[in-house]
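Listed here are the chains, written in short residue letters.
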Amino acid sequence: MAIERTLSIIKPDATKRNLTGKINAKFEDAGLRIVAQKRIHLTKDQAGVFYAVHKERPFFDELTSFMASEPVVVQVLEGENAIAKNREVMGATNPAEAAAGTIRAEFAESVGENSVHGSDAPETAAVEIAYFFSGLELVG
Ligand code: RTP
Ligand code: MG
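Residues numbered from 1 in each chain as written. Chains lettered and ligands numbered in written order. Predicted model: local features only at pLDDT ≥ 70, side-chain atom pairs only at ≥ 80, totals over all residues. Heavy atoms only, no water.

### A look at the site of ligand 1
No. 1: As a structural note, the neighbourhood of ligand 1 is formed by 14 residues, with Y51, T93, G112, N114 and H117 the closest of them.
No. 2: Contacts to ligand 1 include G118, whose backbone N or O atom sits 3.0 Å from an oxygen atom.
No. 3: For ligand 1, whose free accessible area comes to 560 Å², the fraction covered by protein is 80%.
No. 4: Residue classes in the shell around ligand 1 are distributed as five nonpolar, six polar and three charged. (Near = heavy atom within 4 Å. Polar contact = N/O pair within 3.5 Å; in protein donor to acceptor, adjacent residues only side chain to side chain. Areas by Shrake-Rupley, 256 points an atom, 1.4 Å probe, with all protein chains shown as cover. Nonpolar A, V, L, I, M, F, W, Y, C, P; charged D, E, K, R; others polar.)

Set out below in C-alpha cells:
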C-alpha cells in the first residue's frame, strides 16, 4: 500500500468549540501522522478559491462565509492509504449519515458545519496541499 499525503482542514465550527485536540487524536489513533499544521483565518475569497469546484452549487456562498467565520487549522496527514483512511475517519458529509465513532458523527453540527475537510483524490490532495504549504513546511 502506498504512503500518501492528504490535506485536512479542521473547520470553524470545530475550532470554535476547542475540538482540535480531540479531532487530531482521531487521526493519530487511525495511524495518520500530522506532518504539517497551522492555524489560519481564511478570507471569504481565499475560501472561495479553495472550494472553487463548488462555485455553482447553491450552498457556495454559505460555505465560503462559514469557512471565513472563525480560524481553521489546516494540516497535512501522512500514512498508508491516507486519503481514503482520512475520509473514513471523517465520516459522511451529512453527520446524520456518518458512521458511529467518526469525527462527523461525534462532532459535526450540520451538513454544512461538519467539522472537517479532507481531500478526495491524489490529484486534489496535491493541489490542496500546495495551496496552503510549501515543501519546506512538510516534515515527514
Ligand atoms: P469536504 O470537501 O469539506 O471534505 O466535504 P465532502 O467532500 O464530504 O463534501 P463536498 O460534497 O465536497 O462538500 C463540501 C462542503 O460543502 C458543504 N456542504 N453544504 N448545505 C449543503 O447542502 C451542503 N452540502 C455540502 C459541507 O461543508 C461540505 O463538507
Ligand atoms: Mg469534498
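### A few points about the nonpolar core
No. 1: L7, I9, M67, V76, F132 and F133 are the most contacted members of the largest nonpolar core, which totals 19 residues.
No. 2: When contributions to this core are tallied by element, the ones reaching two or more residues are β1 (3–10), β2 (33–40), α3 (44–50), α4 (60–67), β3 (72–80) and α7 (122–132).
No. 3: Looking at this core, the element that brings in the most residues is α4, giving four residues.
No. 4: Discounting chain neighbours no more than four positions away, the residues touching F132 are L7, I9, K38, I40, L42, F50, V74 and E137.
No. 5: Residues I10, F27, V89 and M90 belong to the second largest nonpolar core, which totals 14 residues. (Core = buried A, V, L, I, M, F, W, Y, C linked by side-chain atoms within 4.5 Å. Buried < 20%, exposed > 50% of the residue type's maximum accessible area, 1.4 Å probe, protein only. Helix = DSSP H or I, 4+ residues; strand = E, 2+ residues; numbered from the N terminus. Contact = heavy atoms within 4.5 Å.)

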